[in-house]
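Residue-level structure breakdown
One-letter residues, chain by chain:
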Amino acid sequence: MSADSPITIITAWGEGFGNGHIQRMIFLYHLLRDKGYVPLIVTDSDPASLNNSGCRFTDTVPGESRLIIRDMRDSTPAEIQSLKSTAPVVVIDDCGEGRRYADLAIDLLPHPDHPLPSSDFSACPFLFGFNFVNAMTRFSGIPFEKDIDILIYTGLNPSPEYLSFIHTCIPEGWKTLLADGNECALCAGGIKTGEVISYAESLLRSKILLTHFGISLFEGNLCGCALASVNPTEYHSSLARLVRDSMGVINFGVFGEINPADVKKGLKEITVASERTDGTIIRKSIMRHAELFLERIEQFIR
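Scope of this entry: the structure provided in the associated data block.

Procedures and definitions
Residues numbered from 1 in each chain as written. Predicted model: local features only at pLDDT ≥ 70, side-chain atom pairs only at ≥ 80, totals over all residues. Heavy atoms only, no water. Pairing = 2+ DSSP bridges. Helix = DSSP H or I, 4+ residues; strand = E, 2+ residues; numbered from the N terminus. Right-handed = clockwise from strand over helix to strand, strands pointing away. Axes fitted to C-alpha atoms, helices over the stretch in contact; angles between N-to-C directions. Parallel < 35°, antiparallel > 145°, perpendicular 65-115°, else oblique. Contact = heavy atoms within 4.5 Å. Nonpolar A, V, L, I, M, F, W, Y, C, P; charged D, E, K, R; others polar. Salt bridge = Lys/Arg side-chain N within 4 Å of Asp/Glu carboxyl O. Core = buried A, V, L, I, M, F, W, Y, C linked by side-chain atoms within 4.5 Å. Buried < 20%, exposed > 50% of the residue type's maximum accessible area, 1.4 Å probe, protein only. Arc of directions from axis to C-beta. Polar contact = N/O pair within 3.5 Å; in protein donor to acceptor, adjacent residues only side chain to side chain.

1. Some points on the pairing of strand β8 (residues 148–153)
- Note that β8 and strand β12 (residues 206–211) share 4 bridges and pair parallel. Residue pairing for β12: Ile152 is matched across the bridge by Leu210.
- Once you follow β8 into helix α4 (residues 160–168) and on to strand β9 (residues 176–179), the crossover reads as right-handed.

2. Considerations on the packing of helix α1 (residues 20–34) against helix α3 (residues 130–138)
- Following both chains from N to C, one finds α1 and α3 inclined at 60 degrees, their axes separated by 7 Å at the closest point. Here α1 lies oblique to α3, going by the angle between them. Seen from α1, the contacting residues are Gln23, Ile26, Phe27 and His30; seen from α3, they are Phe130, Asn131 and Val133.
- Residue composition of the contact of α1 with α3, by class: 4 nonpolar, 3 polar and no charged.

3. A closer look at the pattern of salt bridges
- By the definition in use, this model includes 14 salt bridges.
- Put simply, Arg24, Asp71 and Asp93 are held in one network by salt bridges that share partners.

4. As for the nonpolar core
- Leu28, Ile69 and Ile297 are the most contacted members of the largest nonpolar core, which has 63 residues in total.
- If one sorts the elements of this core by residue count, α1 sits on top with 8 residues.
- Excluding residues that lie within four positions of it along the chain, Leu28 makes contacts with Ile9, Ile69, Leu127, Phe293 and Leu294.
- Counting 19 residues, the second-largest nonpolar core is a separate cluster that includes Ile150, Leu210, Ile258 and Ile270.

5. Focus: the sheet that holds strand β4 (residues 67–71)
- Spatial ordering of the open sheet is given by β3-β2-β1-β4-β5-β6, a layout of 6 strands whose pairing is parallel. At either end of the open sheet lies a strand with only one pairing partner, and these are β3 (57–58) and β6 (104–106).
- Here strand β2 (residues 39–42) runs beside β3; their pairing, made up of 2 bridges, is parallel. Bridge pairing links Ile41 to Phe57 in β3.

6. Remarks on helix α9 (residues 260–269)
- Within α9 the residues assigned to the buried category are Val263, Lys264, Gly266 and Leu267. The buried residues of α9 occupy an angular sector of 165 degrees when projected down its axis, which confines them to one face. Exposed positions of α9 whose direction lies more than 90 degrees from the buried face are Asp262, Lys265, Lys268 and Glu269.
- Two or three places before Ala261, at the opening of α9, Asn259 has a side-chain oxygen 2.8 Å from that residue's backbone nitrogen.

So this is what it looks like as structure tokens:
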């Protein structure tokens, strides 16, 4: 196999997937390229919001691939066996039946059936999102005060019902940021005031992050936020409970089944950090987690 043969990354984004998979795979793309490999991302369509990512995209797995990394949740045995006819296969956070046919399965996020290798998150492999990593690089050496009471991260295109519910949970008088996947802005009474702040800066400045289970919890943890979750499904809520001890997540439960007054009361009781945060320290933690991931996969590169 030629050294110019690609390491092929298969992933997806958009409806049903969100942005987490493509964000962390673009970060992995750059990690691999920096180590001298030739990475390639296979996805159905290029994410328009990441046109400046510096990645090569295609819609077909090259026959000369050195390694295939699949980050798309549930696989089938037939799919993994077909990919293995081309190259060794590594699956990430895969709970499908095809998982057991892969050469290596790595769990970056906790799952009831597939616990993380250590209860200490700092000792676990993890891949953060490309935009988040770039922002922490830009903010290296810049201290930020924790001057915002709470950041609400809703994910892409939240329903009006969810937004209405979540705003009734926020204690009166709190300085609040709303991040809805499109922009992050200060808001009052559920209405954006127009002052827009980047997502990464909002994490660095916020005392509490309220979101659902997902990569945002891990990013908030790294930025020194106290963590709370309101989840769209019982599945997400069960995952949030898995990181209660390792990251101190306060899980309020499932949207539609909880009283906003209970959430408001719980938020007031959370102990928050007030010290400054700095992108330099965060960047070092990001790279430590990434190196643990690369150590796992390099033995399979042929």
